[in-house]
Amino acid sequence: MTGKAASEAPACGPEETASEPAKAPTTEPSGEVAALASTGEERAPTPQEPAPTAPAAPAATKPAPASEDVPSAPLQLALEDVSDSSVTVSWEPPERLGRLGLQGYVLELCREGGSEWVPVNARPLMVTQLTMRNLALEDKFFLRVAAVSSAGAGPPAVLQQPVHIQKIIEAPKIRVPRHLRQTYIRQVGEPVNLQIPFQGSPKPQASWTHNGHALDSQRVNVRTGDQDSILFIRSALRSDSGCYELTVRLEGLEAKAAIDILVIEKPGPPSSIRLLDVWGCNAALEWTPPQDTGNTELLGYTVQKADKKTGQWFTVLERYHPTTCTISDLIVGNTYSFRVFSENQCGLSASAATTKELARIQKADIVAKPKGFVERDFSEAPSFTQPLADHTSTPGYSTQLFCSVRASPKPKIIWMKNKMNIQGDPKYRALSEQGICTLEIRKPSPFDSGVYTCKAVNVLGEASVDCRLEIKGKDSPLPHSDCGISSSISHTLKSDRRL
């Protein structure tokens, strides 16, 4: 039936958020005024007395309007919100608006202990929600609203329960930062600065304790604001470690948060160390844990060795947890000393435990006993592992013959054609490498056909292989010199025939 709108009454600063659809909302001046002060100390009417007969004195001097002309009572009057200085009420339009139409609504207030109903808005407003501002704490009053037409105000709708303005208490809460939800670790000498935010209204009271006892004001500074509390230690000591508890109290309510702080430093060196045994290129060590671990767990031990000649230290083991170890791969003839450091989160201990005894790696008495060695005789007479193969080639194109021979000492290779040595003939080129024998015949002609033999000779004997090479082709060309002679002979024969 209606929409919502917002407005403020001149007297108590109300806000309205709804208007009647029958008429357009009228524009009212907005502002805030202090809550009305009641001068009378009369007894307040009970919430069950909705009758507005006593406050409605002006209506008694006028003739009562006809029931059809005035609107009926607004519906569903309800309290929307109550704060420590304001109240918001809302209602629904009446079922009957009256024949003369609706001009707006008037909200009235009657303080507890009084009987006078005082209007909150001086003139009717076309809204269905009002907010009263600037109310005093511990104020208690009743509210009612009436619809108004040009014929007058209709019967009011009364809020059955009184409205009590009192301080709103927000329960205290502590918001511990994520990095402080686990143990907060600092080193000796570093500052400790804890800023813990909290909530609560009005401002709660904050207090700190250390391991259940009050803080040492000479070492620990605390500053508490409206929304957080800061604990500050300029230079941390190991005695500052422990559980710090923040307590926030407000009107019998409280919230607590515990923060664990651990102040650490570098550990002491191992208590003692000794050299257990030396054998071969190995040395066995044993040590005892340090008496002071730096107020935290050890991460392990670092073992180092140094040669007496150079005096330089080299790390052998890092973050080693057992208290015994064996160091290997030591150099024969050298003398070594060893030392061990302790390590925690702050790093290595300032000093190390060093062995008093030296580890001497003795040279073993080793006598070389050479075994009798019989030299193997690899001498071998020549033998062909791959013989020559018969080959057919085309005139004018170089061709090659291949075979492989095995012999020791290296044999002499002799090539022959038709049992005749062809060594030194420029037409042939002989090669021998890694037992592979090659004979290259450059631009062969049919006259180069025949049986080729490869002979290998050394001091232990000789061997030979042969093959047949055939040079053939259609119209085999003659050498250039032979072609010139034949052409001249042919020309001479032709001249004789003509004669």
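Residues numbered from 1 in each chain as written. Predicted model: local features only at pLDDT ≥ 70, side-chain atom pairs only at ≥ 80, totals over all residues. Heavy atoms only, no water.

Undergrad: How should the overall build of the chain be read in this particular structure?
TA: Along the backbone of the chain there are 2 helices and 36 strands. Taking all 499 residues of the chain together, 37% fall into the buried category. At a minimum sequence separation of 6, the contacts of the chain that also span at least 24 residues come to 64%. (Helix = DSSP H or I, 4+ residues; strand = E, 2+ residues; numbered from the N terminus. Buried < 20%, exposed > 50% of the residue type's maximum accessible area, 1.4 Å probe, protein only. Contact = heavy atoms within 4.5 Å.)

Undergrad: Is there a simple way to think about unusual backbone geometry in this case?
TA: The phi angle of most residues is negative, glycine excepted, and most peptide bonds adopt the trans form. With omega at -5°, the peptide bond leading from S201 into P202 counts as cis. A cis geometry characterises the amide bond from S408 onward to P409, with omega recorded as 0°. Topologically, P409 is positioned in the loop between β30 (399-408) and β31 (412-417). Backbone geometry at R319 places phi at a positive 50°, although glycine is not the residue there. Within the secondary structure layout, R319 lies in strand β22 (residues 313-320). By relative accessible area, which is 48% here, R319 ends up partly exposed.

Undergrad: How should the sheet that holds strand β36 (residues 461-471) be read in this particular structure?
TA: In spatial order, the strands read β29-β36-β35-β31-β32; together these 5 strands make up an open sheet with mixed pairing. The sheet terminates laterally at β29 (391-393) and β32 (420-421), the two strands that pair on one side only. When β31 meets β32, the two strands line up antiparallel, connected through 2 bridges. If you follow K417 over to β32, its bridge partner there is M420. (Pairing = 2+ DSSP bridges.)

Undergrad: Is there a simple way to explain the sheet that holds β30 in this structure?
TA: Two strands in a sheet stick together by hydrogen bonds in their backbones, pointing the same way (parallel) or opposite ways (antiparallel). The 4 strands are arranged β28-β30-β34-β33 in an open sheet whose pairing can be described as antiparallel. One side of each edge strand has no neighbouring strand; the edge strands of this open sheet are β28 (380-386) and β33 (428-433). When the angles between neighbouring strand axes are averaged without regard to direction, this sheet yields 25°. Note that β30 and strand β34 (residues 436-441) share 6 bridges and pair antiparallel. Paired with C403 across the bridge in β34 is C437. (Axes fitted to C-alpha atoms, helices over the stretch in contact; angles between N-to-C directions.)

Undergrad: Help me understand the nonpolar core in this model?
TA: Within soluble globular proteins, side chains that are nonpolar tend to cluster in buried spots. With 23 residues, the main nonpolar core has V87, L107, M132, F141 and L143 as its most contacted residues. Residue assignment for this core shows that the elements contributing at least two residues are β2 (87-92), β3 (104-111), β5 (129-132) and β6 (140-149). Among the elements that make up this core, the one with the highest residue count is β6 (4 residues). Beyond its immediate stretch of four places on either side in the chain, F141 contacts V87, L109, C110, R111, E112, M132, L135, P162, V163 and I165. L194, V220, V248 and V263 belong to the second-largest nonpolar core, a separate cluster that totals 21 residues. (Core = buried A, V, L, I, M, F, W, Y, C linked by side-chain atoms within 4.5 Å.)

Undergrad: How do you make sense of the packing of aromatic side chains when you look at a structure like this?
TA: The geometry of an aromatic ring pair is captured by two quantities: the separation of the ring centres and the angle between the planes. Taken as a whole, this structure holds 4 aromatic pairs when the rule is applied. Across the ring face of W313, the terminal group of R339 is positioned such that the distance to the ring centre comes to 4.3 Å. (Phe/Tyr/Trp six-rings, centres within 6.5 Å; stacked < 30°, edge-to-face > 60°. Lys NZ or Arg CZ within 6 Å of the ring centre and 35° of its normal.)

Undergrad: Can you help me understand the pairing of β31 in this one?
TA: Regular strands have side chains that alternate between both faces of the sheet. β31 sits mainly inside the fold: 5 of its 6 residues count as buried. Judged from the 6 bridges that link them, β31 and strand β35 (residues 450-458) form a sheet pairing that is antiparallel. Residue pairing for β35: I413 is matched across the bridge by A456. Counting the residues that bridge the hairpin from β31 to β32 gives 2 residues, and of these N418 lies at a positive phi of roughly 50°.

Undergrad: What exactly am I supposed to notice about the environment of F341 here?
TA: By the element assignment, F341 lies in strand β24 (residues 335-344). Dropping the residues within four chain positions of it, F341 is found in contact with P270, G300, Y301, T302, Q304, L348, S349, S351 and A352.

Undergrad: Mind showing me how you'd approach the pattern of salt bridges here?
TA: Two side chains of opposite charge can pair, provided their charged atoms sit close to one another. If you walk through the whole model with that rule in mind, you get 16 salt bridges. Taken together, the salt bridges that share partners define one network made up of R238, E265 and D292. (Salt bridge = Lys/Arg side-chain N within 4 Å of Asp/Glu carboxyl O.)

Undergrad: What is the right way to read the side chain of D240 from this model?
TA: Locating D240 in the fold gives a position in the loop between β16 (228-233) and β17 (242-250). From its side chain, D240 meets the backbone nitrogen of L237 in a polar contact 2.8 Å long. (Polar contact = N/O pair within 3.5 Å; in protein donor to acceptor, adjacent residues only side chain to side chain.)

Undergrad: It is not clear to me how the pairing of β6 should be interpreted in this structure. Could you clarify?
TA: When you tally the buried positions in β6, you get 9 out of 10 residues, the bulk of the element. Pairing of β6 with strand β9 (residues 163-164), which is carried by 2 bridges, proceeds in the antiparallel orientation. Pairing of F141 across the sheet is with V163, part of β9. Strand direction decides the pairing type here: β6 and strand β8 (residues 157-158), joined by 2 bridges, are antiparallel. Across the sheet, the residue bridging to R144 is V158, located in β8. Sheet analysis places β6 next to strand β7 (residues 152-153), joined by 2 bridges and oriented antiparallel. Residue pairing in the sheet places V148 in a bridge with A153 of β7. Linking β6 back to β7 in an antiparallel pair, the connection comprises 2 residues.

Undergrad: So what exactly am I meant to see when it comes to the environment of S201 here?
TA: Its location among the elements puts S201 in strand β12 (residues 192-201). Not counting residues within four places of it along the chain, the set of residues in contact with S201 comprises I168, I169, E170 and L250.

Undergrad: Would you mind going over the confidence of the model for the chain with me for this structure?
TA: Do not read the fine detail of predicted coordinates wherever pLDDT is low. For the chain, mean pLDDT is 81; residues scoring 70 or higher make up 81% of the total. For the chain, per-element mean pLDDT is lowest for helix α1 (residues 57-60), which scores 34, and highest for β24, which scores 96. Segment residues 1-63: pLDDT under 50, and 154 contacts once partners within four positions in sequence are set aside and those in other chains are kept. Every residue in residues 476-499 scores below 50 in pLDDT, and together they form 3 contacts with partners more than four places removed in sequence or on other chains. (pLDDT = per-residue confidence, 0-100.)

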